[in-house]
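# Coordinates in review
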Amino acid sequence: MQIVYRFEMRPTKEQQKKMFHTLKLCRKLYNWSLSERQRVYKETGQGLTYNKQQNMLPGYTKEHLEYKQVHSQVMQDTLRRVDFAYQRFFAKEAGYPRFKNRDHYTSFTYPQVDAVKKTFSKPGKIYLSKIGFVKMTTHREFDASQISRVNIKYHGGKWYANLTAEVEVLENLIDSTKSIGIDVGLEHFAVLSDSTEIGTPKYYRKSERKLAKQQRRLSRKKKGSNNRGKAKTKVAKLHAKITNQRKDFLHKASLDVVQSHDIVFMEDLKIKNMVKNHYLAKSIHDASWGTFRNFVEYKCHRYGKIFLPVPPHGTSQTCLCGANVPKDLSVRVHRCPACGMVMPRDLVSAILIERRGLEMLAA
């Protein structure tokens, strides 16, 4: 399976200059590719394919000699991005491809790397063609021979290397008694069927006032001025900090769940529909239930565990005895008139999720 290692880079000023220049040239190439597709379609009624644009690339680079400073595979990957944007549009997964400005084109990719011989030949550094050896903080171990792709991203005032690796799935003996049901919520981030509660950190909510203050300052700056650029950087850094805090929490929480259990059941929630409730949308986005589910799922696959999504219908309105107990979100305690059970509603839901999951496995 594929996983991605993310490491912070610490380039010199000269290297940063080259990396920003590479981003600029890739963005220009992306916009040229998109405009060519639009022009050819208007003139002929037929679209350009990736292969046709790849054949046009040598002629384009001869006319624009500055592209000698960019690795050929990085340019090819830029054309693939345009092609992928069109594929998603035709599949109705995204809107029509748009031209990119510098705020919306922040990464470039080396799709094939010679990881063993050169890319990681110096400890604590990564080799980027046309740029050189750049310092990289490797806070965890990885096998360089497994790295097949390197993506360089500028985010929140920092540079990151995203290393795609092909890793083997670990074989594990599944203990059916080590199963768990997880109910996600807003009062508690998650409640497990063994009564474990995971608190909600609310990183966005805690930084909301500071973020609003920075955004007000940004809105007062004159467009195109240096001060506006500085204010925009401050807002981006704060957003990046919130994102990193949330990801760190989600990775730790998901790893703890997967390491402690062999079978994990979670509700198959339709979050896009849930955020249509404008009273809860901000809190749901801040909790990032979808990201948590994705982290739990891929970690289960990585460590040879079982992950199974469970239909959510009725898990919050049903008692363990099977009786229907309707209640709205403001009611936090489950009281069953049929069997007399009194229990936190989230715990009841988690137990029902585990029961339903085990029934699905048995079937």
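Computed from a predicted structure; not experimentally measured. The residue numbers shown here count from 1 along each chain, following its written sequence. For a predicted model such as this one, the threshold for reporting local features is a pLDDT of at least 70, and the threshold for listing and counting side-chain atom pairs is 80 or more; totals across whole chains, interfaces and linings nevertheless cover every residue. Side-chain metrics rest on all non-hydrogen atoms present in the structure, leaving aside hydrogens and water.

This next bit is on the overall build of the protein chain. A tally of helices and strands in the protein chain yields 10 helices and 13 strands. If one aligns the C-alpha atoms of the protein chain with their principal axes, the spans along those axes are about 80 × 55 × 45 Å. Expressed as a percentage of its 363 residues, the buried residues of the protein chain come to 40%. In this description, contact between two residues means that some pair of their heavy atoms is separated by no more than 4.5 Å. By sequence separation, contacts in the protein chain at least 24 residues apart represent 69% of the contacts at least 6 residues apart. The Shrake-Rupley method, run with a 1.4 Å probe sphere, supplies the accessible areas, and residue values consider only the shown protein chains as cover. Split by element, the accessible area of the protein chain, about 21200 Å² in all, is 51% carbon and sulfur. One way to put it: in the protein chain the 67 positive side-chain charges average out to a point 13 Å from where the 33 negative ones average out. To qualify as a helix, a DSSP run of H or I must reach at least 4 residues; to qualify as a strand, a run of E must reach at least 2; elements of each kind are numbered from the N terminus. Throughout, exposure labels follow a simple rule: accessible area from a 1.4 Å probe, protein chains only, divided by the maximum for the residue type, with under 20% read as buried, over 50% as exposed, and the rest as partly exposed. Under the convention used here, Asp and Glu are negative, Lys and Arg are positive, and both His and the chain ends fall outside the count. Where a charge lies is defined by one atom per residue type, namely NZ (Lys), CZ (Arg), CG (Asp) and CD (Glu).

So, about the UniProt feature "domain: Transposase putative helix-turn-helix" (unreviewed entry) in the protein chain. The residues that UniProt annotates with the feature "domain: Transposase putative helix-turn-helix" (unreviewed entry) are residues 1–45. The span residues 1–45 carries 71% helix and 20% strand; its end-to-end C-alpha distance comes to 40 Å. UniProt positions are given in the numbering used here, feature names are shortened, and annotations may be inferred rather than shown by experiment.

Attention now moves to the sheet that holds strand E6 (residues 158–166). In short, DSSP must find at least two bridges between two strands for them to pair. One open sheet holds the 6 strands; their spatial order is E2-E5-E6-E1-E4-E3, and the pairing between them is antiparallel. The two strands at the open ends of the sheet, each matched to only one other strand, are strand E2 (107–110) and strand E3 (125–128). The sheet shows a mean angle of 35 degrees between the axes of neighbouring strands, direction not considered. In terms of strand pairing, strand E5 (residues 147–155) meets E6 through 8 bridges, oriented antiparallel. Residue pairing in the sheet places Ile-147 in a bridge with Ala-165 of E6. The strands that helix H3 (residues 72–90) touches are E2 and E5; relative to E2, the one it contacts most, it runs at about 115 degrees. Angles shown run from 0 to 180 degrees and are taken between the N-to-C directions of axes, each axis being a line fitted to C-alpha atoms and, for helices, limited to the stretch in contact.

A few words on the packing of helix H5 (residues 203–220) against helix H6 (residues 226–260). Where H5 contacts H6, the two axes come as close as 9 Å, and the packing angle between them is 170 degrees. With respect to H6, the axis of H5 lies roughly antiparallel. Together, Tyr-203, Tyr-204, Ser-207, Lys-210, Leu-211, Gln-214, Gln-215, Leu-218 and Ser-219 of H5 and Arg-228, Ala-231, Lys-232, Lys-234, Val-235, Leu-238, His-239, Ile-242, Gln-245, Arg-246 and Phe-249 of H6 make up the contact between the two elements. What sets the label is the angle itself: under 35 degrees gives roughly parallel, over 145 gives roughly antiparallel, 65 to 115 gives roughly perpendicular, and the rest give oblique.

A few words now on the environment of Glu-354. Counting through the fold element by element, Glu-354 comes out in helix H10 (residues 345–362). Relative accessible area serves as the criterion here: at 16%, Glu-354 is assigned to the buried category. On a C-alpha basis, the gap between Glu-354 and Leu-192 in space is 9.2 Å, while along the polypeptide they are 162 residues apart. Leaving out residues up to four positions away in the same chain, Glu-354 has contacts with Ser-179, Ile-180, Gly-181, Ser-193 and Phe-265. A polar contact of 2.8 Å, which involves the side chain of Glu-354, links it to the side chain of Ser-193. Polar contacts here mean pairs of N or O atoms no more than 3.5 Å apart (in protein, one a potential hydrogen donor and the other a potential acceptor; neighbouring residues in sequence count only if both atoms are side-chain atoms).

All right, on to the UniProt feature "domain: Cas12f1-like TNB" (unreviewed entry) in the protein chain then. When the UniProt feature table is mapped to this numbering, "domain: Cas12f1-like TNB" (unreviewed entry) covers residues 289–353. Annotation note: span residues 289–353, helix share 35%, strand share 17%, distance between end C-alpha atoms 16 Å.

Moving on: the nonpolar core. Joining through side-chain atoms within 4.5 Å is the link that ties buried Ala, Val, Leu, Ile, Met, Phe, Trp, Tyr and Cys residues into a set, and such a set is a nonpolar core. Met-9, Phe-108, Ile-126, Leu-128, Ile-152 and Leu-163 are the most contacted members of the largest nonpolar core, which has 40 residues in total. In terms of residue count, the dominant contributor to this core is helix H1 (residues 13–44) (8 residues). Membership of the second largest hydrophobic core comes to 31 residues, among which are Val-184, Val-235, Val-296 and Phe-307.

Take the pattern of salt bridges next. Throughout this description, the term salt bridge denotes a Lys or Arg side-chain nitrogen within 4 Å of a carboxyl oxygen of Asp or Glu. One pass over the structure, following the stated rule, counts 18 salt bridges. Here Asp-262 makes a salt bridge to Lys-305, at a shortest N to O gap of 3.5 Å. Within this pair, whereas Asp-262 is found in the loop between H6 and strand E10 (263–267), its partner Lys-305 is found in the loop between helix H9 (289–302) and strand E11 (306–310), the two being separated by 43 residues in sequence. Like Lys-305, Asp-262 is buried. Salt bridges here are not isolated pairs; linked through shared partners, they connect Glu-36, Arg-39 and Glu-43.

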